[in-house]
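Here is how the chains run, residue by residue.
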Amino acid sequence: MSITALTSSENKSALIVASLVAFLASSFFGSTNQHWNAVTNSLVQCMELVRQFPPLDIQEQYANITYEHQVLILNNTLPFWEDHYSISNILPSSRTTYGPCYLPSYEINWVSRFYGENVNEPVEDLYPSDREISEGCLSNMCRPGFLIIGAGKAGTSSLYKYLVNHNRVLPAKMKQVQFFKYHYDKGMHWYLSHFPTAAHFLSSGALMTGEAAPGYLPYPEVAIRTRTMMPGAKILLTVREPLDRAWSSYNYNYFIPGLQHLKTLPGNEDKDEQYLIHKYLFSFEDMVKAELNQLLKCIKPGGDAEEEGLKQSYWANDAMDARKRGNLPAMMDIINGCYGTHERRDAQWKDLKLNNPEGLLDLPNIHRLEGMLARGLYAFQAEWWYAAFPREDIHVICSDEMKDQTISVLEETSDFLGLPYFDYSGVVSKGMYNVRGHEGYDKVTAWKTETREKADDEIPLSPLFRSEIDLFLQEQNERLYLLTGKRCSWQ
């Protein structure tokens, strides 16, 4: 299902009315996960506030809306606005939601808010107030309709920036909220406080909001947390040629910040840049060789990655059994199973340290650096998301297509999300986002001035090792194709 596009002749009033009616006609709430139970008490306390202001009668405020228009909207609500789970054991059945948003605990004069009239009521901020957050109440908060889960260095910043420029999409406070990985203990009200309020959502005519967190993809526990707490949300997965992605990660997380760090150390102020590079920085080939040697041991049948993956059997057992019946390789948790401890890191970089004791390895993004090759083995990571979410809720985007066929990729993605047509040419013409060093997610690089990273065949690897790594990646890329049914130009 999709929202029928509003024609250019329809005015803003019709746009907001359409959204308001759809909100009131749709209901969506979370699952009965234990995390919901942890916030039940605070939610119930909020109920008394919420009940003071029942849902507005839209027809009373907008008497001129036609019956045909109402039917059109009611029959074309977004899938993630639908009710996926019963909430009878969490809150009283009288709990009312506005589509993906929760009913505000105060009355809102929608007409005044829409037309910007000067009324004696506070104008709500774009995002929930500190008071609303501290109350632990979901009132006036909205759920994201899509999550861009990664992969890192595969165009997630550009994709997010383009999508939130759609006139029916609102941005989060920040691109990466990272709730399901790093802030899960803070509760759903903390997470939703990073998205627009129901008042702003409704009065702007928005259909959805979303988040981009490339750190989500590698972790099975994040996949099931997201599915449990956000059923109905759409998952966007961007993939890039793995070696090209690793080269980008090497520069972004190691070479550029490493060289900047070395220049700040006492005694290095007048040192030649090439001297610092050759004396302290490991080459891309050195780093990839060290990782590949350790990775091959970890992902062998019965290895640490497979053993770590078995810990997810409490929720992924059906998917695991299906793979066994189909004689497919076992699911593996390669990031948690192969990286993340001092022991594994020391084993991976043992030879590097022996060959160059002064070599730089202690940098802030060490977790991304040690797994820069593994994070491009998308099948291992995506298999958990396909086990957690229905296949039809996951959309795969090849980063090279997004670069070469940007508009068509965005239109296809909008269709997947159920959004009406939007002309993306304006925002796309500005360039790409976050494509260089650590200059910020909002940093745009114009197409004509873009400094292209080394082409695939220019990545500095010896011919012998290049053949070895290509053979390894060919098998992994085919595994991704069999999983997703999507073949990129490099597969």
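To be clear, the structure that these remarks concern was listed above.
So, here's what we can say about the structure.

Conventions adopted
- Residues numbered from 1 in each chain as written.
- Predicted model: local features only at pLDDT ≥ 70, side-chain atom pairs only at ≥ 80, totals over all residues.
- Heavy atoms only, no water.
- Helix = DSSP H or I, 4+ residues; strand = E, 2+ residues; numbered from the N terminus.
- Buried < 20%, exposed > 50% of the residue type's maximum accessible area, 1.4 Å probe, protein only.
- Areas by Shrake-Rupley, 256 points an atom, 1.4 Å probe, with all protein chains shown as cover.
- Pairing = 2+ DSSP bridges.
- Axes fitted to C-alpha atoms, helices over the stretch in contact; angles between N-to-C directions.
- Disulfide = S-S within 2.5 Å.
- Contact = heavy atoms within 4.5 Å.
- Polar contact = N/O pair within 3.5 Å; in protein donor to acceptor, adjacent residues only side chain to side chain.
- Parallel < 35°, antiparallel > 145°, perpendicular 65-115°, else oblique.
- Left-handed = near helix turned anticlockwise from the far one by under 90°.
- Phe/Tyr/Trp six-rings, centres within 6.5 Å; stacked < 30°, edge-to-face > 60°.
- Lys NZ or Arg CZ within 6 Å of the ring centre and 35° of its normal.
- Expected span 1.5 Å × (residues − 1).
- Arc of directions from axis to C-beta.
- Salt bridge = Lys/Arg side-chain N within 4 Å of Asp/Glu carboxyl O.

Before going further, it helps to spend a moment on the overall build of the chain. Helix and strand counts for the chain stand at 25 helices and 9 strands. Residues classed as buried in the chain amount to 57% of the 491 residues present. When the accessible area of the chain is evaluated, it comes to approximately 21,900 Å², of which 50% is carbon and sulfur surface.

With parallel pairing, the 5 strands of this open sheet are ordered in space as β4-β5-β3-β6-β7. Either end of the sheet is taken by a strand with one partner, and the two such strands are β4 (169-171) and β7 (394-398). Between one strand axis and the next, the sheet turns through 25 degrees on average, direction left out of account. Pairing geometry for strand β3 (residues 146-150) and strand β5 (residues 208-212), over 3 bridges, is parallel. Following the sheet pairing, I148 is matched in β5 by A212.

All right, on to the pairing of β5 then. For β5, a buried count of 5 out of 5 residues is recorded, marking the element as mostly surrounded by other parts of the structure. Neither face of β5 is exposed, since M208, G210 and A212 on one face and T209 and E211 on the opposite face are all buried. Bridge analysis of β4 against β5 gives 3 bridges, and the strand direction is parallel. Within β5, the residue paired with V169 across the bridge is M208.

Another point: the state of the cysteines. As enumerated under the stated definition, the model contains 3 disulfides in all. In this model C298 forms its disulfide with C338; the gap between the sulfur atoms is 1.9 Å. Disulfide C298-C338: torsion about the S-S bond near -95 degrees, hence left-handed. Taken together, the positions of C298 in helix α14 (residues 284-298) and C338 in helix α17 (residues 334-338) put the pair 40 residues apart, joining distant regions of the chain. In this pair, the class of C298 matches that of C338, namely buried.

Once that is clear, we can look at the environment of Q312. Mapping Q312 onto the fold places it in the loop between α15 (304-309) and α16 (313-325). For the pair Q312 and W384, spaced 72 residues apart in sequence, the C-alpha to C-alpha distance is 9.2 Å. Sequence-distant contacts of Q312, defined by excluding residues within four places in its chain, comprise P220, E221, M320 and W384.

Turning next to the side chain of E383. Within the secondary structure, E383 sits in helix α21 (residues 378-388). Reaching out from E383, the side chain makes a polar contact with the side chain of R479 at a distance of 2.8 Å.

Among the secondary structure elements, S489 is positioned in the segment after α25 (463-484). A distance of 2.3 Å separates the side chain of S489 from the side chain of D400, its partner in a polar contact.

Turning our attention to the packing of α14 against α25. In the contact formed by α14 and α25, the axes pass within 12 Å of each other and the chain directions differ by 45 degrees. Viewed along their axes, α14 and α25 adopt a mutual orientation that is oblique. Handedness of the crossing formed by α14 with α25: left-handed. In this structure, α14 contributes E285, V288, K289, L292, L295 and L296 to the contact, and α25 contributes F465, E468, I469 and F472.

Moving on: the packing of aromatic side chains. Counting across every chain of the model gives 17 aromatic pairs. Between Y191 and F195 the ring centres are 5.1 Å apart and the planes differ by 80 degrees, which places this aromatic pair in the edge-to-face class. The exposure class of Y191 is buried, given its relative accessible area of 0%. When its relative accessible area of 0% is taken as the criterion, F195 is described as buried. A network of ring pairs unites the aromatic residues F179, F180, Y184, W190, Y191, F195 and Y216 as a single cluster. Above the plane of the ring of Y252 lies K153, whose end atom (NZ or CZ) is 3.7 Å from the centre. Sitting over the ring of F389, R227 keeps its end group 5.7 Å from the ring centre.

By secondary structure assignment, the location of G210 is in strand β5. Sequence-wise, G210 and F146 are 64 residues apart; in three dimensions their C-alpha atoms are separated by 4.8 Å. The residues contacting G210, other than those within four sequence positions of it, are P144, F146, Y160, L170, A172 and F195.

On to α25, then. For α25, built from 22 residues, the straight-helix expectation of 32 Å at 1.5 Å per residue is met to within 8% by its first-to-last C-alpha distance of 31 Å. Taken residue by residue, α25 has F465, R466, I469, F472, L473, Q476, N477, R479, L480, L483 and T484 as its buried positions. On an axial view of α25, the arc spanned by its buried residues comes to 155 degrees, and they lie on one face. Pointing more than 90 degrees away from the buried face of α25 are the exposed residues P463, L464, L471, Q474, E475 and L482. Considering only its buried residues, α25 is in contact with β6 (234-239), α12 (242-264), α14, α16, α21 and β7. Note on α25: the residue one or two positions beyond its end, G485, has a positive phi of about 75 degrees.

Turning our attention to the pattern of salt bridges. Under the criterion given, the structure shown has 14 salt bridges. Between D346 and K353 there is a salt bridge, and its shortest N-O distance comes to 3.5 Å. A network of salt bridges, in which partner residues are shared, links R323, E383 and R479.

What follows is about unusual backbone geometry. Of the consecutive residues G150 and A151, the connecting peptide bond is found in the cis state with omega at 10 degrees. In this structure, A151 sits in the loop between β3 and α7 (156-163). In this model, K153 sits at a positive phi of 60 degrees, which is unusual for a non-glycine residue. Turning to its location among the elements, K153 is positioned in the loop between β3 and α7.

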